[in-house]
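Structural characterization, general
So the chains spell out like this:
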Amino acid sequence: MTLEQLRIFLAVAERQHVTRAAEALNLTQSAVSAAVSALEARHGVRFFDRVGRRIVLTETGEAFMAEARAVLDRAETAEMVLEDLAREPRGRLRVHASQTVASYWLPPRLVALREMHPGIELRLTVSNTTHVADAVQEGGADLGLVEGAVTHGDLHRQVVARDRLVLVMATDHPWAGLEEVPLAGLQTQNWILREPGSGTRSEFETWLSAQGLDVAALSLALELPSNEAVLNAVAASQCLAALSQRAVARPAAAGWIRALPLVGAERPFSLLTNPQRYRTRAVQALIGILADESFAGGVI
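Fair warning: this is a prediction, and the values are worked out from it, not measured in the lab. (Residues numbered from 1 in each chain as written. Predicted model: local features only at pLDDT ≥ 70, side-chain atom pairs only at ≥ 80, totals over all residues. Heavy atoms only, no water.)

Here the structure, examined in full by the defined rule, presents 15 salt bridges. Of the charged contacts, one joins Asp 73 and Arg 94 as a salt bridge, the two residues approaching to 3.3 Å between their closest N and O atoms. Placement of the pair is Asp 73 in helix α4 (residues 59–86) and Arg 94 in strand β3 (residues 91–97), with a sequence separation of 21 residues. Across the salt bridge formed by Arg 267 and Asp 163, the nearest N and O atoms sit 3.0 Å from each other. Within this pair, whereas Arg 267 is found in strand β10 (residues 257–273), its partner Asp 163 is found in strand β6 (residues 156–170), the two being separated by 104 residues in sequence. Neither Arg 267 nor Asp 163 differs from the other in exposure class; each is buried. One salt-bridge network, in which partners are shared between bridges, spans Glu 147, Asp 163, Arg 246 and Arg 267. (Salt bridge = Lys/Arg side-chain N within 4 Å of Asp/Glu carboxyl O. Helix = DSSP H or I, 4+ residues; strand = E, 2+ residues; numbered from the N terminus. Buried < 20%, exposed > 50% of the residue type's maximum accessible area, 1.4 Å probe, protein only.)

Structural data, given as structure tokens:
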């Protein structure tokens, strides 16, 4: 079994299409098919079934995907270690970040890293807090940045910034003229919330619990997968939402929506790393920038 065979198998498995995998790998279709067939023949397994003009993964193929991906991740890490020992910070750096961090806090810091170390190839993946922690745990990310609590006890967590949740509403909402949130009326309102698994959602649920409430007690109109979707829905309705003050700062300043502080809804932005994995110089360089409290770039 070779790393090239694993790369080819994974490309076909992810696309479930031989021609598209060949194009992505810059190989001929026959070379891709031959590599997969050789791997199947050597180990007496079948990775794909043909259904009409399509191919679909078998149970064996689905089970093998995770193993193939893990082996390739380890091989890439080994290559980065060798490069790291001989050169200045360079190579691939895989950063996974939850949506609020990735949109409103992280970009100027990535720009700073790029300017300081142009040899580093940055790959940013945006997902919710749970998926970010999973990626760091499983080796799919070199480091992660989240705004919610994580349950992966073996990950190292370092607070690099702070944020707070605010209550968001349309400018013609009955509460828009208030200066503070009427806590007793929360259950009388309709709500638009981020999806379960997002840091914003988990932190809002924690805040509700501190007020003696449960999210199940709220009248939930919609669950949406992005801050922008929530903001647009709130602006066009009489529903309330809880979002990061970083996400709503510009729309609120422009008079597009109204935001009220939620007392006690402060939360950290946390850096996640896996202590069992090697820290390249590229990783260390970015951690230095993320942990620099004097950094003043971007929206604060």
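If you check which residues of helix α7 (residues 129–138) are buried, you get Thr 129, Val 132, Ala 133, Ala 135 and Val 136. Down the axis, α7 shows its buried residues gathered within 160 degrees of arc, on one side only. Packing partners of the buried residues in α7 comprise β3, β5 (143–146), α8 (199–210) and β10. The backbone nitrogen of Thr 130 lies 3.2 Å from a side-chain oxygen of the residue at the head of α7, namely Asn 128. Downstream of α7 by a residue or two, Gly 139 has a phi angle that is positive, lying close to 95 degrees. (Arc of directions from axis to C-beta. Contact = heavy atoms within 4.5 Å. Polar contact = N/O pair within 3.5 Å; in protein donor to acceptor, adjacent residues only side chain to side chain.)

Take the side chain of Thr 129 next. Mapped onto the secondary structure, Thr 129 falls in helix α7. Overall, the relative accessible area of 2% leaves Thr 129 in the buried class. Contacts of Thr 129, omitting those with residues within four sequence positions, involve Ser 98, Val 146, Glu 147, Gly 148, Ala 149, Val 150, Gly 197, Ser 198 and Gly 199.

Within the structure shown, the criterion is met by one cavity of 30 Å³ or more. The calculated volume of the largest cavity comes to roughly 140 Å³. Lining the largest cavity are 14 residues, and of these Ala 141, Asp 142, Arg 277, Tyr 278 and Arg 279 sit closest to its centre. It is α4 that contributes the most residues to the lining of the largest cavity, three residues altogether. When the residues that make up the lining of the largest cavity are grouped by side-chain class, the tally is five nonpolar, four polar and five charged. (1 Å grid on protein atoms, 1.4 Å probe; cavity = no way out; pocket = protein on both sides within 12 Å on 5 of 7 lines; lining within 4 Å. Points joined across faces, edges and corners; volume = space filled by probe spheres on them. Nonpolar A, V, L, I, M, F, W, Y, C, P; charged D, E, K, R; others polar.)

To continue, consider unusual backbone geometry. The phi torsion at Gln 16 lies on the positive side, around 50 degrees, for a residue other than glycine. Positive phi, close to 60 degrees, is recorded for Asn 26, a residue that is not glycine. By secondary structure assignment, the location of Asn 26 is in the loop between α2 (18–25) and α3 (29–43).

A complete count under the given rule lists seven aromatic pairs for this structure. With 5.0 Å between their ring centres and 50 degrees between their planes, Phe 9 and Phe 64 make a pair best called tilted. Placement of Phe 9 in helix α1 (residues 3–15) and of Phe 64 in helix α4 is noted, with a sequence separation of 55 residues between them. For Phe 9, a relative accessible area of 0% translates into the label buried. Since its relative accessible area comes to 18%, Phe 64 is described here as buried. Through a chain of ring-to-ring contacts, the aromatic side chains of Phe 9, Phe 47, Phe 48 and Phe 64 assemble into a single cluster. (Phe/Tyr/Trp six-rings, centres within 6.5 Å; stacked < 30°, edge-to-face > 60°.)

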